[in-house]
Amino acid sequence: MTQAREIAAASRLDNVRYAIRDLACVADEVVRQGHKVLPLNVGDPLNFDFETPPHIIEAVYKAMRDGKNGYAPSPGIPEALEAIRGEAARKGITSLRDVFVTTGVSETVDVCLSALVNPGEDVLTPRPDYPLYSAVLCKLGIKLNVYDLDENDGWQPELADIERKLTPHTRGIVLINPNNPTGALCTRQMLEQIAELARRHNLIVFADEIYDKLILDSDFQKNDTPHLAFAAVAPDVPCVTFGGMSKNYLVPGWRIGWGIVSGDAAGVKAYTEGVHRLLRARLCANHPEQYGIRAALEGPQDHLAEVRRKLRSRRDLTQQWCEATPRISCVAPRGAFYAFPRIDIPESDEVFVKELIRQKHVMVVHGSGFGQKPGTQHFRIVFLPDEPTLAKAYAGIAELMRERYGTA
Ligand SMILES: Cc1ncc(COP(=O)(O)O)c(C=O)c1O
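Residues numbered from 1 in each chain as written. Predicted model: local features only at pLDDT ≥ 70, side-chain atom pairs only at ≥ 80, totals over all residues. Heavy atoms only, no water.

*Asks:* What is the right way to read the overall build of the chain from this model?
*Replies:* Along its length, the chain carries 15 helices and 15 strands. Overall, the chain is about 70 × 60 × 50 Å in size when its C-alpha atoms are taken along their principal axes. Counting the 408 residues in the chain, one finds 56% classified as buried. Considering only contacts within the chain whose residues lie at least 6 apart along the sequence, 77% involve residues at least 24 apart. As displayed, the chain offers around 17,800 Å² of accessible surface, 51% of which is attributable to carbon and sulfur atoms. A distance of 2 Å separates the average location of the 48 positive side-chain charges in the chain from that of its 52 negative side-chain charges. (Helix = DSSP H or I, 4+ residues; strand = E, 2+ residues; numbered from the N terminus. Buried < 20%, exposed > 50% of the residue type's maximum accessible area, 1.4 Å probe, protein only. Contact = heavy atoms within 4.5 Å. Areas by Shrake-Rupley, 256 points an atom, 1.4 Å probe, with all protein chains shown as cover. Lys, Arg positive; Asp, Glu negative; His and termini not counted. Charge placed at Lys NZ, Arg CZ, Asp CG, Glu CD.)

Encoded structure:
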């Protein structure tokens, strides 16, 4: 018998990291020892006290019963596309050119990056980032080109760094707003400045606004500007705005997202055609779930007030704890459900986070899993659990810090 030879994975995957799920191996070890691990690592509201609005489930259930179980049109079903156009208008996007439905924003990211870059070109992505962006770029064999978010400026993009990193081969820039992992919101001035750079350098902007209805900042509420969409601020700039059902409508398992193309019509035409080629090649997004899109976007929005109320209270508790805890400092999150505190410890954040799982059974994600400025250390907290659960988790984190590093 001949010895089976190893089938090697592609070397371009070497840099693909997804620390959020990779930590699960350490957690499995702890679970095998009979402990329960508190998951503050995955941004899934349905792990906690949040429920999908029933009318959205009904719409999908009805679609399945009505036989909407075959393939859907590649760009998405007409009623969903219509509802997304309505949503674009509510977001103040006036230069709408196209909309399409995908299998989660994850697929929007994959399709939009794949339709853009040639070998040797690059796309600016934030550091820290949501790791899917770098994973898709690695998969495409594209060298990463990261720009820093500035912790000293409330985690706004560092414009000077963007200017430094731009090359003649840079084709686009990713803007995550509200941000994962920092919880920051871009200011209008920042959006305008990025638009100006995009105009000057002929870039497309990928505006990931999947958390746009989860704004926790009360000033934004008072002024009745719930979220400032990049495409609304810069109608002429080529842009794809990413949105979806996972977070705002509490159905991450349905895998429904979408892209909204805007900007100068002639400027985005060829690119949009490229996107549609890929959309056709992958057939379609989940069919029955698409019937939840209109129900979600045009139906009652009552759950959102309740979600924001819970998240504000949990954000406040998180922030107070960060301020009261030695070795920790944190820019207060203003949207989404993440905090990204900085920690001052004499070992790597990855070692700290793994010890936290082993010793206190609390799971957060190390800053190095998202990328961070050299010399800094962080971890990301998902503050979705209720207050007593968070308080218990935070007590565990503080205890481990005291035990390992003292209080100085
Ligand atoms: C910033 C950001 N973009 C995209 C996604 C992926 O979302 P989806 O569930 O729609 O694929 C996430 C999920 O956590 C996210 O945080």
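Next comes the rest of the write-up.
*Asks:* Help me out: how do you make sense of the pattern of salt bridges in this one?
*Replies:* Two side chains bearing opposite charge may form a pair once their charged atoms approach each other closely. What the rule picks out here adds up to 33 salt bridges. A salt bridge links Glu-192 to Arg-188; the shortest N-O distance between them is 4.0 Å. Here Glu-192 pairs with Arg-188, and both are found in helix H8 (residues 188–201), just four residues apart, close to one helical turn. Judged by its relative accessible area of 38%, Glu-192 falls in the partly exposed class. A relative accessible area of 44% places Arg-188 in the partly exposed class. Measuring nitrogen to oxygen at the nearest pair gives 2.7 Å for the salt bridge that ties Glu-399 to Lys-360. Taken as a pair, Glu-399 in helix H15 (residues 387–405) and Lys-360 in helix H14 (residues 349–360) lie far apart in primary sequence, 39 residues in all. Accessibility expressed as a relative area gives 19% for Lys-360, which makes it buried. Bridged by salt links that share partners, the residues Glu-29, Glu-347, Glu-355, Arg-358 and Arg-404 form one connected network. (Salt bridge = Lys/Arg side-chain N within 4 Å of Asp/Glu carboxyl O.)

*Asks:* Explain the packing of aromatic side chains to me, please; I cannot follow it from the model alone.
*Replies:* Both the distance between ring centres and the angle between the ring planes are used here to describe each pair of aromatic rings. Per the counting criterion, the structure on display carries nine aromatic pairs. Note on Phe-337 and Tyr-338: the rings are 5.0 Å apart at their centroids and 55 degrees apart in plane angle, and the pair reads as tilted. Neither residue differs from the other here; Phe-337 and Tyr-338 are each classed as buried. For the ring pair Phe-352 and Tyr-405, a centre distance of 6.1 Å and an interplane angle of 40 degrees mean the geometry is tilted. With Phe-352 in helix H14 and Tyr-405 in helix H15, this pair connects stretches of sequence that are 53 residues apart. The exposure class of Tyr-405 is buried, given its relative accessible area of 10%. Each member of the aromatic cluster is reached from another via a ring pair, and the members are Trp-155, Phe-340 and Phe-370. Stacked on the ring of Tyr-61, the Lys or Arg Arg-65 has its end atom at 4.4 Å from the ring centre. The side chain of Lys-310 reaches across the aromatic face of Phe-50, ending 5.1 Å from its centre. (Phe/Tyr/Trp six-rings, centres within 6.5 Å; stacked < 30°, edge-to-face > 60°. Lys NZ or Arg CZ within 6 Å of the ring centre and 35° of its normal.)

*Asks:* Would you mind showing me how to read H8 here?
*Replies:* Residues spaced three or four apart along an α-helix point in a common direction, a consequence of the helix completing one turn every 3.6 residues. Between its terminal C-alpha atoms H8 stretches 20 Å, which fits the 20 Å expected from 14 residues at 1.5 Å a residue. Here H8 has its buried residues at Met-190, Leu-191, Ile-194, Ala-195, Leu-197 and Ala-198. End-on, the buried residues of H8 take up no more than an arc of 160 degrees, which puts them together on one face. Facing away from the buried surface of H8 by more than 90 degrees, the exposed residues are Gln-189 and Arg-200. Against the buried residues of H8 lie strand E5 (156–157), helix H7 (159–165), strand E6 (170–176), strand E7 (204–208) and helix H10 (230–233). Once H8 ends, the next one or two residues include Asn-202, with phi positive near 55 degrees. (Expected span 1.5 Å × (residues − 1). Arc of directions from axis to C-beta.)

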